[in-house]
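# Tertiary structure, described
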Amino acid sequence: MNSRHRVIGGAAAAVLTVLALGGCGKSQSSWIADKYSKAGAGTYRSPKSPPIVAGEINRKFKSIDRVDDLALRGAAGGIFLRYPKLVVGVLPDGTGSRITVDQPRGGYNRYYSHVGGRWASPGTNGWTSGGIASFRGGGPGSGK
């Protein structure tokens, strides 16, 4: 087999691998948009309960942290999933769920009454995979 056939064979194998992995490269927000019914900007609906929906999302994309205050607050509560660059809220909506997808600062502010005592405020670049505020750049003396 000459090198040209090996390159073509390798490229075909790479394409098949990508196809076999399917949605592995999808972001949380695009996966949620594909899986649930759109209800508005950054808002989706599901006929399933919040624990089931949050479980589906968290199985697909493991969150840095999760706050569940449904037992404590009932219909006023929710399940909140924190990712490095996203906050996903899953709230009761009749017999189903309302799912919101926000950038870190907006999600933190929106759900502060639920997550404020548990999560630190996000940095300008969200959170790190360990959950600490992530800051980009620096002031005088940074990098020294």
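The structure under discussion appears in the preceding block.
Calculation criteria
Residues numbered from 1 in each chain as written. Predicted model: local features only at pLDDT ≥ 70, side-chain atom pairs only at ≥ 80, totals over all residues. Heavy atoms only, no water. Helix = DSSP H or I, 4+ residues; strand = E, 2+ residues; numbered from the N terminus. Buried < 20%, exposed > 50% of the residue type's maximum accessible area, 1.4 Å probe, protein only. Contact = heavy atoms within 4.5 Å. Areas by Shrake-Rupley, 256 points an atom, 1.4 Å probe, with all protein chains shown as cover. Core = buried A, V, L, I, M, F, W, Y, C linked by side-chain atoms within 4.5 Å. Arc of directions from axis to C-beta. Pairing = 2+ DSSP bridges. Axes fitted to C-alpha atoms, helices over the stretch in contact; angles between N-to-C directions.

### Notes on the overall build of the chain
Looking only at helices and strands, the chain features six helices and six strands. Ordering the α and β elements of the chain from the N terminus gives α-α-β-β-α-β-α-β-β-β-α-α. For the chain, the proportion of its 144 residues judged to be buried stands at 37%. Within the chain, residue pairs in contact and separated by at least 24 positions form 43% of the contacts whose partners lie at least 6 positions apart. As presented, the chain carries roughly 8,500 Å² of accessible surface, and 57% of it is formed by carbon and sulfur atoms.

### Some words on the nonpolar core
One finds Ile-32, Tyr-36, Ile-57, Tyr-83, Val-88, Val-90 and Ile-99 to be the most contacted residues of the largest nonpolar core, which totals 17 residues. At the level of secondary structure, the elements contributing two or more residues to this core comprise α2 (28-35), α3 (50-60), β4 (79-83), β5 (86-93) and β6 (96-102). Apart from residues no more than four positions distant in its own chain, Val-88 is found in contact with Ile-32, Ile-57, Ile-79, Phe-80, Leu-81, Tyr-83, Ile-99 and Thr-100. Phe-80, Tyr-108, Val-115 and Trp-119 belong to the second-largest nonpolar core, a separate cluster that totals nine residues.

### Regarding α2
Residues Gln-28, Trp-31 and Ile-32 constitute the buried set of α2. The buried residues of α2 all sit within an arc of 100 degrees when viewed along its axis, so they share a single face.

### What to know about the sheet that holds β6
Neighbouring strands of a sheet are bound in pairs by backbone hydrogen bonds; such pairs are parallel or else antiparallel. The six strands lie next to each other as β1-β2-β6-β5-β4-β3, forming an open sheet whose pairing is antiparallel. Each edge of the open sheet carries a strand with a single partner, namely β1 (37-40) and β3 (65-68). Sheet twist, expressed as the mean angle between neighbouring strand axes with direction ignored, is 25 degrees. Of the strands in this sheet, β2 (43-46), β3, β4, β5 and β6 are in contact with α3, which crosses β4 at around 15 degrees.

### A short note on the pairing of β5
Of all eight residues in β5, six are buried; the element is thus mostly enclosed. In terms of strand pairing, β4 meets β5 through five bridges, oriented antiparallel. Paired with Phe-80 across the bridge in β5 is Gly-89. Connecting β4 to the antiparallel partner β5 that follows it, the hairpin turn spans two residues. Where β5 meets β6, seven bridges bridge the pair, whose relative direction is antiparallel. Its bridge partner lying in β6, Leu-91 is registered against Arg-98. Hairpin geometry of β5 and β6 is characterised by an intervening segment of two residues between the two adjacent antiparallel strands and by a positive phi of about 65 degrees at Gly-94.

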